[in-house]
Amino acid sequence: MRVVLLTGKGGVGKTTMSAATAIGAAAHGHRVFLLSTDPAHSVGDALGRPVGARPVEVAPSVVAQEVAVLDEIERSWSEIQDWLRGLLREGADELVAEEILVFPGLEELVALRAIREVEALGEFDVCVVDCAPTGSTLRMLRFPDALAVFMGGVFDLERRAARALKPILETVGLRGLVPGDEVFAAFERLVSDVDDVRQILLDGDRTTARLVTNAARVVVDETRRSFAYLSLYGVATDAVLVNRLLPSAAQGGFFARWAAREHEELAALEAGFGVPLLRAELRAGEPIGVEALAALAREVYGARDPAAILQRGRPLRWRRVGATTRLEIDLPHVSKEEVEVAARGEDLHLRVRDARRAIALPASLVGRSVQSARLERDVLVVTFA
Ligand SMILES: Nc1ncnc2c1ncn2[C@@H]1O[C@H](COP(=O)(O)OP(=O)(O)O)[C@@H](O)[C@H]1O
Ligand SMILES: [Mg+2]
């Protein structure tokens, strides 16, 4: 099953474009599942008909669903939630407990886990995902790293400590503080779920992201950063969708300067990413309903199949060059000063602006230090001593 993730800054038209992509893919003969994971669900608004937590057919060959994240968390990890509530009740360090409760990225991850369930149905060719604004999507991508740290460090220790402390805590009536086996089991399920979702997201033969943007400086800047962050986390972007461009009929008078600015931003976008730039004009009214969305899909995708991989890429790759192995990451519009690279133990630690990632080093490179990290034509190349 193909997975198409649509993300971008708030309000640029993610939901509208997701719904149009779904309708367009169905017009190309695909069986489509349209999944909304943005907590501010509005797929129903765009389609002009109700969509909820249960899958519902919204057009021929298009089924839509909004993920109820809190219910999902409760359903899957109630043991963890109960334990955490216990911790809070027993007056454990509230800050610690709260930090665990709001595991950054957990919500998004739970939402994306729904992709796996759609796939398991075996009835769909493509799952189009209306994601939360870019920030949250990226938090979700970072989540596996955060969880690995938590599980490896804190939790192993806790598990060992829990065994030793259990009798003592029970005697003094603080039994709620000891995580029971069911809590550990729930955490283990969480880790395996995270891993499954990660596998799907990082599989460039299956999953691609599309960045929705407007031709305005502030939005384009965020789009550039998002593109780089997605690369850093290994997610391939296969198109940039520029929405709400001023139609030529509206480029005079007051809007002449807006139009001029748009042309500049479009030129920058065109030079920018090495993926197809698809466009949609501002409509005279909101594109609501299946008809309007189908027309929008035709405008955006032309003869292209919206479910196709519009550009194949492996944004993050290990390459053998001669006798050495190097890491390459596509990072357009990133400057040298914004990147930090260091090998520590079994991981390579990368920072691009405020996004960090630890990548496991291939066995042959463990223990080596970074020889050089340079940007060569929008690609970060890391070599090892
Ligand atoms: N090309 C367009 N022309 C006119 N209105 C649009 C267009 N694309 C989106 N809209 C409208 O803009 C608003 C925000 O779009 P929406 O898809 O909900 O954005 P997001 O999901 O990014 O928050 C909605 O009212 C939508 O109908
Ligand atoms: Mg939306």
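Residues numbered from 1 in each chain as written. Chains lettered and ligands numbered in written order. Predicted model: local features only at pLDDT ≥ 70, side-chain atom pairs only at ≥ 80, totals over all residues. Heavy atoms only, no water.

When helices and strands are counted, the protein shows 10 helices and 15 strands. The buried share of the protein, taken over its 385 residues, is 50%. A separation of at least 24 residues holds for 71% of the contacts in the protein among residues at least 6 apart in sequence. Accessible surface, the protein as shown: approximately 18,000 Å² in total, 52% of it carbon and sulfur. (Helix = DSSP H or I, 4+ residues; strand = E, 2+ residues; numbered from the N terminus. Buried < 20%, exposed > 50% of the residue type's maximum accessible area, 1.4 Å probe, protein only. Contact = heavy atoms within 4.5 Å. Areas by Shrake-Rupley, 256 points an atom, 1.4 Å probe, with all protein chains shown as cover.)

Attention now moves to the nonpolar core. The biggest cluster of nonpolar side chains holds 68 residues, and the ones touching the most others in it are Leu-5 and Val-129. Each of domain 1 (1-313) and domain 2 (316-384) accounts for three or more of the residues forming this core. Sequence-distant contacts of Val-129, that is, excluding residues within four places in its chain, are made with Val-3, Val-4, Leu-5, Leu-6, Ser-18, Leu-35, Thr-37, Leu-112 and Ile-115. Grouped together as the second largest cluster of nonpolar side chains are 36 residues, Ala-20, Val-58, Val-62 and Ala-307 included. (Core = buried A, V, L, I, M, F, W, Y, C linked by side-chain atoms within 4.5 Å. Domains from an automatic or database assignment.)

Our focus in this paragraph is the packing of aromatic side chains. Taken as a whole and assessed by the stated rule, the structure comprises 4 aromatic pairs. Between Phe-33 and Phe-124, the ring centres sit 5.1 Å apart and the planes meet at 85°, which makes this aromatic pair edge-to-face. Taken as a pair, Phe-33 in strand 2 (residues 32-36) and Phe-124 in the loop between helix 5 (106-121) and strand 5 (126-130) lie far apart in primary sequence, 91 residues in all. Looking at Phe-124, the relative accessible area reads 13%, which means it is buried. Seen from their ring centres, Phe-227 and Phe-273 are 4.8 Å apart, and the 35° between their planes marks the pair as tilted. Of the two residues, Phe-227 is situated in helix 8 (residues 217-232) and Phe-273 in the loop between helix 9 (256-272) and strand 8 (277-281); the sequence distance between them amounts to 46 residues. (Phe/Tyr/Trp six-rings, centres within 6.5 Å; stacked < 30°, edge-to-face > 60°.)

Let's shift gears to the sheet that holds strand 7 (residues 237-245). Pairing in this open sheet of 8 strands is mixed, and the strands run 3-4-2-5-1-6-7-8 from one edge to the other. Each end of this open sheet is capped by a strand with a single partner; those strands are strand 3 (56-59) and strand 8. This sheet shows a mean twist of 25° between the axes of neighbouring strands, independent of strand direction. With 5 bridges connecting them, strand 1 (residues 2-8) and strand 5 associate as parallel partners. Bridge pairing in strand 5 links Val-4 to Val-128. The sheet strands contacting helix 1 (residues 14-27) are strand 1, strand 2, strand 3, strand 4 (62-66), strand 5, strand 6 (207-213), strand 7 and strand 8, and the helix crosses strand 5 at an angle near 165°. Where helix 5 meets the sheet, its contacts fall on strand 1, strand 2 and strand 5, and the angle it forms with strand 2 comes to roughly 160°. (Pairing = 2+ DSSP bridges. Axes fitted to C-alpha atoms, helices over the stretch in contact; angles between N-to-C directions.)

This brings us to the sheet that holds strand 12 (residues 347-352). Pairing in this open sheet of 3 strands is antiparallel, and the strands run 11-12-13 from one edge to the other. Every interior strand has two partners, whereas the edge strands, strand 11 (339-344) and strand 13 (355-360), have only one. Neighbour-to-neighbour, the strand axes of the sheet open up by a mean angle of 15°, direction not taken into account. Both strand 11 and strand 12 contribute to a ladder of 6 bridges, which runs antiparallel. Among the inter-strand pairings, Val-341 is bridged to a residue of strand 12, identified as Leu-350.

Under the defined criterion, the tally for this structure stands at 23 salt bridges. Between Arg-326 and Glu-328 there is a salt bridge, with its nearest N and O atoms 2.9 Å apart. A single burial state applies to Arg-326 and to Glu-328, both of which are buried. Between Arg-374 and Glu-376 there is a salt bridge, and its shortest N-O distance comes to 2.6 Å. The class for Arg-374 is partly exposed, based on a relative accessible area of 34%. The partly exposed category is assigned to Glu-376, whose relative accessible area is 32%. Among the charged side chains, a network of salt bridges with common partners joins Arg-317, Arg-319, Arg-326, Glu-328 and Asp-330. (Salt bridge = Lys/Arg side-chain N within 4 Å of Asp/Glu carboxyl O.)

A few words now on the site of ligand 1. Close to ligand 1 lie 14 residues; Lys-14, Thr-15, Thr-16, Arg-244 and Glu-286 are nearest. The separation between a nitrogen atom of ligand 1 and a polar side-chain atom of Asn-243 is 2.9 Å. One of the backbone N or O atoms of Glu-281 is found 3.0 Å from a nitrogen atom in ligand 1. Here ligand 1, which alone exposes 560 Å², has 80% of that area covered by the protein. Within the residue set of the shell around ligand 1, elements represented by two or more residues are helix 1 and strand 7. Sorting elements by how many residues they give to the shell around ligand 1 places helix 1 first, with 3 residues. When its residues are assigned to classes, the shell around ligand 1 shows 3 nonpolar, 6 polar and 5 charged. (Near = heavy atom within 4 Å. Polar contact = N/O pair within 3.5 Å; in protein donor to acceptor, adjacent residues only side chain to side chain. Nonpolar A, V, L, I, M, F, W, Y, C, P; charged D, E, K, R; others polar.)

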